[in-house]
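Here is how the chains run, residue by residue.
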Amino acid sequence: MTRNPQEPDSRTAESASRLRYFEEHKQQITETIRQLVEVESPSDNKPAVDRLGELLAGRFEALGGHAKFHRIPDFGDHLQVDFPGKSAGKPVLLLGHLDTVYPMGTLASMPCQVSGQKLSGPGSFDMKSGIALMLHAIEALRARHGDELPRPVTVLLVSDEEVGSDSSRHITENLARKSHAVLVLEPSYGPKGAVKTARKGVGEYILKVTGKAAHSGLDFEKGESAIVELARQVIAVSKLVDLKRGITLNAGTIQGGTRSNVIPAEASAVLDVRVARMKDAAVVDRRLRSLKPFNRKCKLQITGGVNRPPMERTPKVAALFTKASEIARQLGWKLEEAAVGGGSDGNFTAGLGIPTLDGLGGVGDGAHASHECILISELPRRTALLAGLIETV
Ligand SMILES: [Zn+2]
C-alpha cells in the first residue's frame, strides 16, 4: 500500500495498519455477531439471557478478563468483566446490554442472514454487533500490547436495558463513578453512523381520572364522565410540548369506561415525556403533579416520573467526541455526532458527570423492527475507532 504523501505522519500510518488488521478480521467479527444473534435473549426470559451471559463470560475470559455475574432473580444476571491494564489509573467502562425486545422464537421467522454487506436478525443492530466490537477491539489491543491491555477496562452488559434498567441502574452508576470515561456500544445513528452526544431524558406518567358512574339514559345528570375529564386533560397537558426546547409529551395509550350506556367512572392515560434538559424535567414534573380537574366532581391521580435523566452535551462529552473524531480522521473518515430522542444507560452515566460517548456500536437500520440489520462493511472502522478510544481517552 502506498502512503499518501500529504499525510506522512506515523500516527496515520499506524491507523492505516490498524484498519487493515480489522479488515482482515471482518469475517471473524461477522461470525461473532451471528453467534450472538443466534442466542436469543428477550428481556423477560431469564434462562435465555443467562445463556448469552455465560457464552460471553467465556469469550471475555478467554481474552484475559475476570468475569463476574451480578445475580438477579427476575431478569438475566448482569455480566461484569474486569481487565487489568499495563498502566495504572481508572478503567474505561464499555457499556451495553444483553437483552433484546424480540420474544423467544423470533429467529424462526426472522433468521440471522447475511446478504451482500448486510447481516440481519433480531438484536443484530441493538446491540449484539456492539458487543462483538468490544470483543474484537479487546482482542486486537492485547495482540498489539503483548497479551495485555494498555489500560484497565471494565465491560458491563446488563440484562434489562430494554425494560428500563431498574435492576441494573445502581450497578451501572457505581461502575461509572469509578471509571475514567464511559463508551456506550449502543447502535449508531443514521446511515453515516453518527455517535450520540445528547439523548433526551425519558419519563412515564399515568394520569388516572375517577368520575361517577350512572345510567346514560335514566340518570344522565347524576354521572360525572371520567372520559370527558380525561379528554380535556390530555389536550391540556399536550400544551407542554415545546419542540424548540426539546420537550415532547405523548399520550401513548388511553383507556376507560365499561359500556356505551354507562357514564364512565374511570379513565386513564399513559404519558411518555421526553426532555432535552434536566431542568425541564423538573418543570414538566411539577406541572403534571399540580393538574386540577376541570370538573370539580372528578378526581385526578398522577403517578410515575422521570426514569432516565437527559444526557446533555456537556464540555466533557464534547471533549470525548473531539477525541473520537480525531481518531476517525486518522482512519480516513469524518465522524458525525447526533442528538437523539431515545434514552439508554448512557443517560445514567452522563447524568453523574462522567464523560460518556454513546452510539459507538454498529451502523445499521431497523432497531426493534423486522428489518433490523447492520452493515458488515462498517465493522472494521467501528472496531478500530473503539480500540483507538480505549487506548487514548
Ligand atoms: Zn439498545
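Attention in this report is confined to the structure presented alongside it. Because the structure is a prediction, the values reported are computed rather than measured.

With respect to the sheet that holds strand β13 (residues 266-275)
1) Next: Reading across from one edge, β11-β13-β9-β14 is the order of the 4 strands in this open sheet, with antiparallel pairing throughout. In this open sheet, the two edge strands, each paired with only one partner strand, are β11 (248-256) and β14 (299-308). Going across the sheet, the axis of each strand differs from the next one's by a mean of 15°, ignoring polarity.
2) Next: Sheet topology note: the strand β9 (residues 201-210)/β14 ladder contains 9 bridges and is antiparallel. Along β14, the bridge assignment pairs E204 with G305.
3) Next: Running over the sheet, helix α7 (residues 226-238) touches β9, β11, β13 and β14 and is turned about 10° from β13.

Notes on the sheet that holds strand β2 (residues 78-83)
1) Next: What the 6 strands build is an open sheet, ordered β1-β2-β6-β3-β7-β16; its pairing is mixed. Pairing within the sheet leaves two strands with one partner each, and these edge strands are β1 (66-70) and β16 (356-357).
2) Next: Bridge count for strand β3 (residues 92-97) against strand β7 (residues 181-184) is 4 bridges, and the pairing is parallel. Following the sheet pairing, V92 is matched in β7 by A181.
3) Next: In the packing of helix α3 (residues 46-62) onto the sheet, the strands contacted are β1, β2 and β6 (153-158), and the crossing angle to β1 comes to about 155°.

A look at the coordination of the zinc ion
1) Next: Within the protein, the zinc ion binds to H97 (NE2), D126 (OD) and E186 (OE); these donor distances fall in the range 1.9 to 2.1 Å.
2) Next: Sequence spacing of the donor residues for the zinc ion, all on one chain, is H-x28-D-x59-E. Of this pair, D126 sits in helix α5 (residues 124-144) while E186 sits in the loop between β7 and β8 (195-199); the two residues are 60 residues apart in sequence, bridging distant segments of the chain. Grouping residues by exposure puts D126 and E186 together as buried.

What about the nonpolar core?
A general tendency of soluble globular proteins is for nonpolar side chains to be buried together.
1) Next: Of all hydrophobic cores here, the largest spans 63 residues; its most connected members are L56, F60, L94 and V155.
2) Next: In terms of residue count, α5 provides more of this core than any other element does, 11 residues in total.
3) Next: Setting aside its immediate chain neighbours within four residues, L56 contacts L36, L79, L98, I131, L135 and L157.
4) Next: With 20 residues, the next largest nonpolar core counts L230, L240, I247 and A267 among its residues.

Cut-offs used in this document
- Residues numbered from 1 in each chain as written.
- Predicted model: local features only at pLDDT ≥ 70, side-chain atom pairs only at ≥ 80, totals over all residues.
- Heavy atoms only, no water.
- Pairing = 2+ DSSP bridges.
- Helix = DSSP H or I, 4+ residues; strand = E, 2+ residues; numbered from the N terminus.
- Axes fitted to C-alpha atoms, helices over the stretch in contact; angles between N-to-C directions.
- Contact = heavy atoms within 4.5 Å.
- Donors = N, O, S within 2.8 Å, 3.2 Å for Na, K, Ca; no water.
- Buried < 20%, exposed > 50% of the residue type's maximum accessible area, 1.4 Å probe, protein only.
- Core = buried A, V, L, I, M, F, W, Y, C linked by side-chain atoms within 4.5 Å.

Don't take any of this as a statement about function, it's just geometry.
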